[in-house]
Structure formats: C-alpha cells, structure tokens
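Secondary and tertiary structure notes
In case you want the letters, here they are:
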Amino acid sequence: GCTPQKPMTISPWLLETRNMHAPTDAARKVVIPDVDPASYLLSSNEDSEDAPAPDFSMAAGDFVGIYGNPREIGQWDSVVCCFFLDAAPSIVEYIQVIYKMLKDDGTLINLGPLLYHWSGPAMRPDDQTIEEYHTRFSYLDSRYMTSVDLCWEDVRDILINVGFEIMEEKVGTR
C-alpha cells in the first residue's frame, strides 16, 4: 500500500475541465499519502494518557437524514469536509445541519470547489415556460430542478448568517 515512505503520484484533475485557473492545472500531480493518518492521530493523542482516541464518523447515505437527527445536535467538535458541500441538493440545508451538530466551540473546515452536482440542465430559448422545461426533464430527480448554484460570496454570507465565524479563508489557493 501507499505510505509516506512509498507514496503514489496521481493526477486527480487530469480529466477535469471545470474550475481550472490555468491550462496546466489538469496535469498537476499530487503525492499521496503525504502523512500517515494513523501515526498523526496517535501522536496528537500522546499529550495525555487518559485522552480518548479520536472519534471519527463517516456514513454512507443521506447526510441530512443521518446527521440532522436530534441526537446529533451539539455532539461534534469539528466537521471536516472535502469536495462535499457542492454535492448537496441544498447547500443551505447542509450548512444548517453542520452548524447544529457542532458543539458551541466547534469548527467547520471545508475544502473544495463549488461544482454543484445537483445542477439542473440549462433552460433553452425554445423553452416557452418553466412547465415545458420541467416536462422535458421530468425523468430527473426533482432535486436537480430545485438546486441553487451559489457563488462563494453567497455561501460565505450564508455561513455567517447561520452562525459560523470565518476564522480563516483562502480562495484560489494552490
């Protein structure tokens, strides 16, 4: 397997054509893993012999259905998501659920683009009404037709209005 001593080099954006800042971005290489997660977690826990092992959660299924459950309110120290928020049918609903599941001093760390996986097809000039448009794409999950693709500035405003404090922000970093 891959370790920091025997890493693997990949080009994860090779077939991607969106969210590129320069033509060379698609061929950019990434070495994985850059750290051994197990060693990192164990070493960060050495400060106290009584400290419990970090508790992680990953669940397959509907995020809102799982983490929007009342038993999750105020239970999490942090939520770290990578290439996740834009995969939401409703980014606002995901942000609200994350805010509620965090403890009062909890932290959200978000990395990733805003590619919006739930974007519906564009309306064409020959779509005379919204009803015609919806009829033409009636085979799609209805969430494609109701998703709103927000720019970062709008997402940032929503985060603040929900109650998050932006501690650090980097946009367009490499």
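Scroll up a little and you will see the structure.
The present account deals with the structure reproduced in this document. (Residues numbered from 1 in each chain as written. Predicted model: local features only at pLDDT ≥ 70, side-chain atom pairs only at ≥ 80, totals over all residues. Heavy atoms only, no water.)

Of all hydrophobic cores here, the largest spans 21 residues; its most connected members are Phe63, Leu85, Ile91, Ile95, Ile98, Met101 and Val155. Only α2 (63–67), β3 (76–82), α3 (91–101) and α6 (152–162) provide two or more residues apiece to this core. When residues in this core are grouped by element, the largest group, six residues, is from α3. Those residues in contact with Phe63 that sit more than four places away from it in its chain are Gly68, Phe84, Tyr94, Val97, Ile98 and Met101. (Core = buried A, V, L, I, M, F, W, Y, C linked by side-chain atoms within 4.5 Å. Buried < 20%, exposed > 50% of the residue type's maximum accessible area, 1.4 Å probe, protein only. Helix = DSSP H or I, 4+ residues; strand = E, 2+ residues; numbered from the N terminus. Contact = heavy atoms within 4.5 Å.)

Using the criterion set out here, one finds seven salt bridges in the structure. A salt bridge links Glu72 to Arg71; its shortest N-O distance comes to 4.0 Å. In this structure Glu72 comes out as buried when scored by relative accessible area, which is 12%. Judged by relative accessible area, which is 60%, Arg71 ranks as exposed. The shortest N-O distance in the salt bridge between Asp126 and Arg124 comes to 2.9 Å. (Salt bridge = Lys/Arg side-chain N within 4 Å of Asp/Glu carboxyl O.)

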